[in-house]
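Residues per chain, in single letters:
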Amino acid sequence: MLQNFLLASEASAEASDKDKADWVEAYVNQIDSVVFAGLCRGRGSPPNPPAQMFKLVIFQILKKNLSPAKWAREVLSDSILQTLISNIIPSRTALYNFRDRLGTIIERINQSLIVLAIEHELLEPSVAALDGTSVRSYGSRHRIVNLKTLTRRRNELAAAISRDDSIVTQTELPSWMGKSIDGRLLQKDRYDKANAILSQRIVENAGKRKQSRRPIDEIYISLSDPESGLSRDKENVYCPMYCGQILTDAKSSLILSMTLSNHVTDVGTIGPLIDQVKTSLGITLKDIHADSAYASLLDVKACLERNVNLLAPVQENSLTKTNQSKKVDKQLSRDQFTFNVEMHSYTCPAGHAMPYFDRDNRKRVNGVVVMERFRQSTEKCQACSLASQCLRGAKQRSVTRVIGQEVIDAQKAKMTEDVALASRVLRAQTIERTNADIKQRIGLRRFGVITLQRAKNHLALTIFVLNLMTLRRLIIEASKHAPATT
Ligand code: SF4
């Protein structure tokens, strides 16, 4: 089945546009036409052939053209593209619609590429590397508001809409408000949606511990893409963004699975990814290499439950220690308190027992962890010679311990310096390269769409194109090592 693709791939290791068009044609031609059938709604005027449209999209992404508006211009000017798609001339609107509809089949097409690679013995997935990558949303970073501003604008918008019933044209409108009646109605829908999502975020914030809670005026929402998360990107710009999790085969660099969310954290994402690879591709992973963000209790437990060996260093080994060593008035760290399992208490550096005090639940993405607090008595602390290093102005000392800390301790013991170094090298060669390819080779630094689902479809398309490039490389390498036939 891959023979045509192989022949096209052998043409040149350094692909010209003509080479790219050849292997897009060869690969898409071998996809069962039934896969594309779901893209046609079965009503209205006859659609452009979906397989040709798909070739157009893939060829354009390979050329780092990510916008359907650009595709529409290329259709009229690129002769290689015109030949590839049999001279059809889809409109700009048709291209935008087709890109959105591709979301229904792109995961299936991605999975079939992985299955094909396994069938042709180009892929034996058992070791994978995982990392997150954040990509800016199409939403503007200049249109971020808090509840106070949003409420004021909604009130002003409602008043303007109520005045729209009169015959007088409204001229004295604020610059942010839609200038037409239809524009204001659409804006109202968008602001209502933003209000619902912001209210939900405020409720979630209220459920956090006092130390982690943000003042209500510091909880923001993007008005142009309310579903996006808000955080600082790699250039330290506070903007709307989505966070993708990418799981890559460590040997071939083929991307096995991905998710996209508006949570700007990696914690709690590993279990669903392992399950996804198992159910959709039938792949049982043995080892997963990841950075310290994945060595949380929830992730380590998720791997243990699924019999997967997680190779991720526990965070305090690096960053926390470096940060602590920079502080002049260092406080005695929790490591200097000894936990006694039988007594269920700590022994503090002064040698006194430190009993259990209370516990609280802390919410994480995909789960909850329970923290127990152990507290020393005020009398002992105030009379202690170590008080100046231990208390830092407090009357008594407390330390916390997560229920299941022994799981983290075992992970810490497993990640010796040699293991951690080998894992870091492997990640640099695989997943960090993949994430760089998404941004450099494909040029996906910002989604050209709003809403989570559309951004997810966009990332899935990007991943398919990257996998296609990787598959081509694997085929070329395999053909070089294959015994010569006479
Ligand atoms: S200050 Fe309190 S907790 Fe710290 S070492 Fe002294 S007695 Fe123990």
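Residues numbered from 1 in each chain as written. Predicted model: local features only at pLDDT ≥ 70, side-chain atom pairs only at ≥ 80, totals over all residues.

A.B. asks: Teacher, can you tell me more about the overall build of the protein chain here?
C.D. replies: The helix and strand tally for the protein chain stands at 19 helices and 14 strands. Taking all 486 residues of the protein chain together, 31% fall into the buried category. Within the protein chain, residue pairs in contact and separated by at least 24 positions form 66% of the contacts whose partners lie at least 6 positions apart. (Helix = DSSP H or I, 4+ residues; strand = E, 2+ residues; numbered from the N terminus. Buried ≥ 20, exposed ≤ 12 C-beta atoms within 10 Å, placed from the backbone. Contact = placed C-beta atoms within 7 Å.)

A.B. asks: Just checking my understanding: could you explain the site of the ligand for this structure?
C.D. replies: Close contacts around the ligand come from 13 residues, with C348, A350, C381, C384 and C390 the closest. The set of elements that each furnish at least two residues to the shell around the ligand consists of α14 (378-382) and α15 (387-390). (Near = placed C-beta within 6 Å.)

A.B. asks: Looking at this structure, I do not really get the sheet that holds strand β9 (residues 338-340). What am I missing?
C.D. replies: Adjacent strands of a sheet pair through backbone hydrogen bonds, lying either parallel or antiparallel. Spatially, the three strands line up as an open sheet ordered β9-β10-β11, and their pairing is antiparallel. Either end of the sheet is taken by a strand with one partner, and the two such strands are β9 and β11 (353-354). As paired strands, strand β10 (residues 345-347) and β11 are joined by two bridges and run antiparallel to one another. Bridge pairing links Y346 to M354 in β11. (Pairing = 2+ DSSP bridges.)

A.B. asks: Which parts of the structure should I look at to understand the domain arrangement of the protein chain?
C.D. replies: By a widely used convention, the size of an interface equals the accessible area lost when the partners come together. Its domain assignment divides the protein chain into domain 1 (3-104), domain 2 (144-223) and domain 3 (319-406). For domain 1 versus domain 2, the separation of C-alpha centres amounts to 40 Å. (Domains from an automatic or database assignment.)

A.B. asks: Mind showing me how you'd approach helix α8 (residues 106-119) here?
C.D. replies: In an α-helix there are 3.6 residues to a turn, and that puts residues three or four apart on one side. With 14 residues, α8 should reach 20 Å at 1.5 Å per residue; the first-to-last C-alpha distance of 20 Å fits that figure. Looking at the buried side of α8, the elements it contacts are α3 (33-37), β6 (255-261), α11 (270-281) and α19 (452-481). Of the residues trailing α8, E121 is marked for its positive phi of about 55°. (Expected span 1.5 Å × (residues − 1).)

A.B. asks: What is the right way to look at the confidence of the model for the protein chain in this model?
C.D. replies: Do not read the fine detail of predicted coordinates wherever pLDDT is low. Chain-level pLDDT for the protein chain is 87 on average; 92% of the residues reach the 70-or-more range. Here helix α13 (residues 319-326) is the element of the protein chain with the lowest mean pLDDT, 51, and strand β7 (residues 287-289) is the one with the highest, 95. (pLDDT = per-residue confidence, 0-100.)

A.B. asks: What is the right way to read helix α2 (residues 17-29) from this model?
C.D. replies: Compared with an ideal rise of 1.5 Å per residue, which puts 13 residues at 18 Å, α2 spans 18 Å between its outermost C-alpha atoms and is within 8% of the ideal. Where α2 is concerned, the buried positions are K20, A21, D22, W23, V24, E25, Y27 and V28.

A.B. asks: Looking at this model, I keep getting lost on the nonpolar core. Mind explaining?
C.D. replies: Nonpolar side chains in soluble globular proteins generally cluster together in the buried interior. Of all hydrophobic cores here, the largest spans 81 residues; its most connected members are V24, I58, L130, I288 and F464. Top contributing element to this core by residue count: α19, with twelve residues. Each residue touching L130, except ones within four places of it in the same chain, is listed here: Q245, L247, I270, L273, I288, A290, Y294 and I431. Among the nonpolar cores identified, the runner-up in size contains six residues, and L157, A194, L198 and L223 belong to it. (Core = buried A, V, L, I, M, F, W, Y, C linked by C-beta atoms within 7 Å.)

A.B. asks: I would appreciate a short explanation of the environment of E432 in the present structure.
C.D. replies: Along the chain, E432 turns up in helix α18 (residues 431-440). For E432, a count of 17 C-beta atoms within 10 Å translates into the label partly exposed. Each C-alpha atom, one on E432 and one on A394, is 43 Å from the other, the two residues being 38 residues apart in sequence. Contacts of E432, omitting those with residues within four sequence positions, involve D131 and R427.

A.B. asks: Just checking my understanding: could you explain the sheet that holds strand β13 (residues 367-375) for this structure?
C.D. replies: An order of β12-β13-β14 is seen for the three strands of this open sheet, with the pairing classed as antiparallel. Whereas interior strands pair on both sides, the edge strands pair on one side only; in this sheet they are β12 (356-364) and β14 (398-402). For this sheet the average axis-to-axis angle between neighbouring strands, irrespective of direction, equals 25°. (Axes fitted to C-alpha atoms, helices over the stretch in contact; angles between N-to-C directions.)

A.B. asks: Explain the packing of α8 against α19 here, please?
C.D. replies: When two helices pack together, you describe them by how their axes are tilted relative to each other and by the distance separating the axes. At a minimum axis separation of 9 Å, α8 and α19 run at an interaxial angle of 20°. When the interaxial angle is binned, α8 and α19 end up roughly parallel. Along this stretch, α8 crosses α19, giving a crossing that reads as left-handed. Mapping the contact onto sequence places I106, E107, I109, N110, L113 and A117 in α8 and N457, A460, L461, I463, F464, N467, L468, L471 and L474 in α19. Of the residues that constitute the contact of α8 with α19, the class distribution is eleven nonpolar, three polar and one charged. (Parallel < 35°, antiparallel > 145°, perpendicular 65-115°, else oblique. Left-handed = near helix turned anticlockwise from the far one by under 90°. Nonpolar A, V, L, I, M, F, W, Y, C, P; charged D, E, K, R; others polar.)

A.B. asks: I tried to follow the pairing of strand β5 (residues 238-249) on my own but got confused; where do I start?
C.D. replies: Summarising burial for β5: eleven of the twelve residues are buried, a large majority. Examined bridge by bridge, strand β1 (residues 127-136) and β5 share nine bridges and lie antiparallel to one another. The partner of R136 across the bridge, within β5, is M241. As paired elements, strand β4 (residues 229-232) and β5 share four bridges and run antiparallel to each other. Counterpart to S231 in the pairing with β5 is C239. Linking β4 to β5, which pair antiparallel, is a turn of five residues; within it N236 sits at a positive phi near 65°. Pairing of β5 with β6 involves six bridges; the strand directions are antiparallel. The residue of β6 that forms the bridge with I246 is M258. In this antiparallel pair of consecutive strands, β5 and β6, the connection spans five residues, and S253 shows a positive phi of 70°.

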